[in-house]
Amino acid sequence: MTTIAPAAQSAPPTSDRRLLLGVFAVLGLVMAVWGTRMPAVQSAANLGPGHLSLVLLGAAAGMVAGLQLGGRLAHRHGPSRLLIVPAIIFGLALALLGQCRTLPTLIVGAIVFGLAHGLLDVGCNASAVHCELAFRRPIMSGLHAAYSIGALCGAALAAVTTWMSHSVLFALVGAFTVLAALTAVPGVRAATSLDHVPEHTEAKSDEAKPTQTAHAKVWLLGALAAGCLLAEGAAADWSAVHLHSLHSSEATAAAAYALYSAAMAAGRLAGDRLTSRYGAPVLVRVGATLAAAGLGVALITGSTPAALLGWMALGAGLSTAMPSLITAAGRGGPRAVGTVAATGYLGLLAGPAAIGAIASFTSLTTALALPVVLAAAVALASYRALESR
């Protein structure tokens, strides 16, 4: 067994944290650029809604496969091995998608893009779990805040470059991603905390628990992650529609998701300090309660100001949930991180469609009660899932 020197024990790996901040930010930037310029991709290839859904399904299938494969590779070789090559493929795939003009090539490109996304997601989150243990204080929320800020920057970049062809934008962002990955190689090689749980930490791995208990907890964490990300998908796809149904202007309707995103980013920036002070179980329970109550009251009230405040409450309330769930999953190793992430993304992908289906049979207000109910479920079950014993 390797002994860690006292100096190494007392010095937090700040360079490793800076490296991960960059990875999370670039991941959010690329995903936002891809998502916000989707109409241009659709138009360039003359795709109808059904064909576009096949492209998105390909990206989703590739991502889920990447999350599962990434968990195995990170468990066997260490998560830092998934920070460079997948990032390079991620950037190249985005550039390739910008050049595709037919449905088959778009589907293939989307599968590769999703696969690289899944591998990189596991690599950065599993590495973040180890880095957080080395710090001996919460840093996961701040890392996820970097993703949110990167996504906001990506959305802003896409908005101010609408005069530019999406092919050119995808090529530029893809080249930037590849260059950033190559620049990060020395930092990954010099990293001291990304692949190993420090021996001085008092955190106990769920791998030491009976297998049945550990598996049950992983699936509980995954179910809570699916609930949280379903709410995120609802905000992305249905918040503007909700405001429009209340006869708001287009600008006001668009502001709903911006307020949600800003509230989530702000909550994550403060999340590490709040987690240190109150603990993840309490913080997630209170936050999820705020999310459920805020959006629930907005749906009942049915006014534009209440709706805007409701979507803000959803973003702020759930801001620390996913970082806390990933940290808890990390106690079971990289495979558990991959399983929780994959299950969570299924909620993100299936949620908006489920809300649309419910709305077609009832009403949008009734359908949007789904994220309210799931946020309440997170509040009820999170304490048991996040307690360390």
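All residue numbers refer to positions counted from 1 along the written sequence of the respective chain. Note on the predicted model: pLDDT of at least 70 is required for a residue's local features to be given, and 80 or more for side-chain atom pairs to be given and counted; whole-chain, interface and lining totals, by contrast, use all residues. Each side-chain value is worked out from all heavy atoms of the structure, with water and hydrogens disregarded.

Asker: Can you lay out the overall build of the protein chain for me, pointing to particular residues and giving the numbers?
Answerer: Numbering goes from the N terminus for both helices and strands, where a helix is a DSSP run of H or I of at least four residues and a strand is a run of E of at least two. Counting secondary structure elements, the protein chain contains 17 helices and 0 strands. A compact globule built from 389 residues should have a C-alpha radius of gyration of about 21 Å, and the protein chain, at 20 Å, falls within 12% of that. When the backbone C-alpha atoms are referred to their principal axes, the protein chain occupies close to 65 × 45 × 35 Å. Every residue pair with non-hydrogen atoms within 4.5 Å of one another is taken to be in contact. Residue pairs in contact within the protein chain that sit at least 24 positions apart in sequence constitute 85% of those at least 6 positions apart. About 17,000 Å² of surface is accessible on the protein chain, with carbon and sulfur atoms providing 67% of the total. Atoms counted for the radius of gyration: C-alpha only. Globule rule: 2.2 Å times the number of residues to the power 0.38. Throughout, the Shrake-Rupley method with a 1.4 Å probe supplies accessible areas, and for residues the shown protein chains are the sole cover considered.

Asker: So what about the side chain of S148? Which residues, and what values?
Answerer: Following the sequence through the fold, S148 ends up in helix α7 (residues 140-160). Exposed residues in this analysis have more than 50% of their type's maximum accessible area, buried residues have under 20%, and partly exposed residues fall in between, with area computed by a 1.4 Å probe over protein chains only. A relative accessible area of 11% places S148 in the buried class. For S148, the residues in contact, after removing those within four places along its chain, are M264, A265 and R268.

Asker: Please give an account of the environment of V218 that cites residues and values.
Answerer: Note that V218 resides in helix α10 (residues 211-245). On the basis of relative accessibility, which here comes to 14%, the residue V218 falls in the buried class. Separated by 83 residues in sequence, V218 and T301 place their C-alpha atoms 37 Å apart. When neighbours within four sequence positions are excluded, V218 is seen to be in contact with A336, T339 and V340.

Asker: Residues and numbers for a nonpolar patch on the surface, please.
Answerer: Residues with no salt bridge and a relative accessible area higher than 30% make up the patches, which join like charges within 9 Å and nonpolar side chains (Val, Leu, Ile, Met, Phe, Trp, Tyr) within 5 Å. The salt bridge definition used is simple: a Lys or Arg side-chain nitrogen within 4 Å of an Asp or Glu carboxyl oxygen. There is a patch of nonpolar side chains on the surface, built from L274, Y278, V282, V286 and Y383 and spanning about 440 Å² of accessible area. The set of elements that each furnish at least two residues to the nonpolar patch consists of α11 (250-278) and α12 (280-301). Counting through the fold element by element, Y383 comes out in helix α17 (residues 369-386).

Asker: Give a detailed account of the packing of helix α14 (residues 321-330) against helix α15 (residues 334-361), specifying residues and quantitative values.
Answerer: Across the interface, α14 lies against α15 with an axial gap of 7 Å and an inter-helix angle of 145°. Judged by residue contacts, I326, A329 and G330 of α14 engage A336, V337 and V340 from α15. In this classification, Asp, Glu, Lys and Arg are treated as charged, Ala, Val, Leu, Ile, Met, Phe, Trp, Tyr, Cys and Pro as nonpolar, and every other residue, Gly included, as polar. Residues of the contact of α14 with α15, tallied by class, amount to 5 nonpolar, 1 polar and no charged. Helix axes are fitted only over the stretch in contact, all axes being lines through C-alpha atoms; the angle between N-to-C directions runs from 0 to 180 degrees.

Asker: Before we move on, can you summarise the confidence of the model for the protein chain with the specific residues and values?
Answerer: One confidence number per residue, pLDDT, is output by the predictor and ranges from 0 to 100. On average, residues of the protein chain score 88 in pLDDT, and 92% of them are at 70 or above. Predicted confidence in the protein chain is weakest over helix α1 (residues 6-10), with a mean pLDDT of 44, and strongest over helix α5 (residues 85-99), with 97. A low-confidence stretch, residues 1-9 (pLDDT under 50), is modelled with 8 contacts involving residues beyond four sequence positions or located in other chains. Within the model, pLDDT remains below 50 along residues 200-205, and this stretch shows 9 contacts once partners closer than five positions in the same chain are excluded.

Asker: Quick rundown of the packing of α12 against helix α13 (residues 304-317)? Include the residues and the values.
Answerer: Running from N to C, α12 and α13 cross one another at 165°; their axes reach a closest spacing of 7 Å. Looking at the two axes, α12 sits roughly antiparallel to α13. Along this stretch, α12 crosses α13, giving a crossing that reads as left-handed. The residues of α13 that touch α12, namely those facing G287, A288, L290, A291, G294, L295, A298 and T301, are A306, A307, G310, W311, A313, L314 and G317. In the contact of α12 with α13, the residues fall into 10 nonpolar, 5 polar and no charged. Roughly parallel here means an angle under 35 degrees, roughly antiparallel means over 145, roughly perpendicular means 65 to 115, and every remaining angle is called oblique. Should the near helix be turned anticlockwise from the far one by less than a right angle, the crossing is termed left-handed; should it be turned clockwise, right-handed.

Asker: Explain helix α8 (residues 166-183) to me, using residue names and the numbers behind them.
Answerer: Under the convention used throughout, the expected extent of a helix is 1.5 Å for every residue step, that is, one less than its residue count. Across its 18 residues, α8 extends 25 Å between first and last C-alpha, which sits within 8% of the 26 Å expected from 1.5 Å per residue. Listed in full, the buried residues belonging to α8 are H166, S167, L169, F170, V173, G174, T177, V178 and A181. End-on view of α8: buried residues confined to an arc of 165°, all on one side of the axis. What points out from α8, more than 90 degrees from its buried face, is the exposed set L179 and T183. In this structure, the buried residues of α8 make contact with α2 (14-36), α3 (38-44), α5, α7 and α9 (185-190). Taking the backbone nitrogen of S167 as reference, a side-chain oxygen 3.1 Å away marks S165 as the first, capping residue of α8. Relevant arc is that of directions from the helix axis to the C-beta atoms, nothing else. Polar contacts, as counted here, are pairs of nitrogen or oxygen atoms within 3.5 Å of one another; within protein the pair requires one atom able to donate a hydrogen and one able to accept it, and residues that are adjacent in sequence qualify only if both atoms are side-chain atoms.

Asker: Residues and numbers for unusual backbone geometry, please.
Answerer: Residue N46 is not a glycine yet carries a positive backbone phi of 55°. Relative to the helices and strands, N46 is located in the loop between α3 and α4 (49-77). The phi dihedral of H247 is positive, around 65°, even though this residue is not glycine. One can find H247 in the loop between α10 and α11.

Asker: Before we move on, could you go through the environment of D195 and cite the residues and values that matter?
Answerer: Within the fold, D195 resides in the loop between α9 and α10. According to the relative accessible area criterion, D195 is partly exposed, its value standing at 26%. Along the chain, D195 and L96 lie 99 residues apart, while their C-alpha atoms are 31 Å from each other. Residues contacting D195, with those up to four places away along its chain left out, are G78, P79, S80 and H130. A distance of 2.6 Å separates a polar atom in the side chain of D195 from a polar atom in the side chain of S80.

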